[in-house]
Amino acid sequence: SWSREIFNIYAYEYLETGPTWPQFLERIHPEDRPQIEQRARMEASGKEWLDSQIDFRIILPDGTIKHLHSVAHPVRDDSGEITEVVGTVMDVTEQWKARTELEKAFEEIKQRTEAARRSERELRDVVNTVPAHVWSTSPEGQVDFVNDRWLQFTGLALDEAFGWKWEAVLHPDDRTRVVADWHTALKNGRAMESEARVRRADGEYCWWFIRNVPLRDETGKLVRWYGTAIDIEDRKRAEQAH
């Protein structure tokens, strides 16, 4: 059975029984069908398995492509046998677009950094023109640069942003999670993504989509971290409205 919202996501007319398996598969992007079919076989086999998550794309009749994130959970009876599988599917197209925009911004920063390597002043001017909140940190995670857009949004002085002082602008309900994600990224040396509410200069909180990416030298040694964030407040309000 499907909820009405899933019918809306897939652009199907609501029916009590839901679409048939072939009808469902025809919506799946051809490149993503193998992984969907593999998970279906796993569910049908009745073998032991844990919660699973999967990201895939669908193509609507008008050609629109949506990016979806699905989570499946097995329900067991008292004997431990799986009796059914329940799950959710979420439209994460806007999040995917935001991530793509940040990756493009980061790549632009990298390219311009190479071109402006000999001039720190020129580099700062370049970073301040990027349409995103930008910062950099030491390999250990100490912030040592934020762009003008970041300072203007938060209303903090430059020295209030350095080191780990930036934590103060995170919403209290998001702070522990984001800081923990950041420490994990520092430990693993891998990029991190997060959504969090950040305090604006007027005291209001707005949602940001945050991405931190490691920069390595020719030997593979991690030498810096670069971070970017964009405002996703409008998207969050739209989600809450629905």
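Below is a summary of the structure that appears in this document. All values reported here derive from a predicted model rather than from experimental measurement.

1. What to know about the side chain of serine 194
Turning to step 1, where the next piece is worked out: In this structure, serine 194 sits in strand β6 (residues 192-199).
Turning to step 2, where the next piece is worked out: Taking relative accessible area as the criterion, serine 194 reaches 6% and is therefore assigned buried.
Turning to step 3, where the next piece is worked out: Separated by 3.0 Å, the side chains of serine 194 and arginine 177 make a polar contact.
Turning to step 4, where the next piece is worked out: In contact with serine 194, not counting residues within four places along its chain, are Arg177, Val178, Asp181, Trp208, Phe209 and Ile210.

2. Some points on the packing of aromatic side chains
For any two aromatic rings, the description comes down to two numbers: the centre-to-centre distance and the angle of the planes.
Turning to step 1, where the next piece is worked out: All told, the structure shown has 11 aromatic pairs when counted by the stated rule.
Turning to step 2, where the next piece is worked out: Aromatic pair tyrosine 10 and tyrosine 12: ring centres 6.4 Å apart, planes at 15°, arrangement stacked. For the residue pair tyrosine 10 and tyrosine 12, the accessibility class agrees, reading buried in each case.
Turning to step 3, where the next piece is worked out: With a centroid separation of 5.0 Å and an interplanar angle of 55°, the aromatic rings of phenylalanine 153 and tryptophan 208 are classed as tilted. Here tryptophan 208 lies in strand β7 (residues 205-216) and phenylalanine 153 lies in helix α6 (residues 148-154), a separation of 55 residues in the sequence. In terms of burial, phenylalanine 153 and tryptophan 208 fall into one category: buried.

3. Some thoughts on unusual backbone geometry
Turning to step 1, where the next piece is worked out: We note that alanine 11 has phi near 60°; this positive angle belongs to a residue other than glycine.
Turning to step 2, where the next piece is worked out: Among the secondary structure elements, alanine 11 is positioned in the loop between α1 (4-10) and α2 (21-27).

4. As for the pairing of strand β1 (residues 52-59)
Turning to step 1, where the next piece is worked out: The alternating pattern of β1 places Ser52, Ile54, Phe56 and Ile58 on a buried face and Gln53, Asp55, Arg57 and Ile59 on a face that is not buried.
Turning to step 2, where the next piece is worked out: As judged from the eight bridges shared by β1 and strand β2 (residues 65-76), these two strands associate in the antiparallel manner. Among the inter-strand pairings, isoleucine 59 is bridged to a residue of β2, identified as isoleucine 65.
Turning to step 3, where the next piece is worked out: Counting the residues between successive antiparallel strands, the hairpin from β1 to β2 contains five residues, one of them, glycine 63, with a positive phi of roughly 95°.

5. Brief notes about the pattern of salt bridges
Turning to step 1, where the next piece is worked out: Taken as a whole and assessed by the stated rule, the structure comprises 13 salt bridges.
Turning to step 2, where the next piece is worked out: Across the salt bridge formed by lysine 97 and glutamate 94, the nearest N and O atoms sit 3.8 Å from each other. Residue lysine 97 and its partner glutamate 94 are located together in helix α4 (residues 93-115), separated by three residues, close to a single helical turn.
Turning to step 3, where the next piece is worked out: The exposure class assigned to glutamate 94 is partly exposed, which follows from its relative accessible area of 44%.
Turning to step 4, where the next piece is worked out: Between glutamate 233 and arginine 237 there is a salt bridge, and its shortest N-O distance comes to 3.0 Å.

What counts, and where the lines are drawn
- Residues numbered from 1 in each chain as written.
- Predicted model: local features only at pLDDT ≥ 70, side-chain atom pairs only at ≥ 80, totals over all residues.
- Heavy atoms only, no water.
- Helix = DSSP H or I, 4+ residues; strand = E, 2+ residues; numbered from the N terminus.
- Buried < 20%, exposed > 50% of the residue type's maximum accessible area, 1.4 Å probe, protein only.
- Polar contact = N/O pair within 3.5 Å; in protein donor to acceptor, adjacent residues only side chain to side chain.
- Contact = heavy atoms within 4.5 Å.
- Phe/Tyr/Trp six-rings, centres within 6.5 Å; stacked < 30°, edge-to-face > 60°.
- Pairing = 2+ DSSP bridges.
- Salt bridge = Lys/Arg side-chain N within 4 Å of Asp/Glu carboxyl O.

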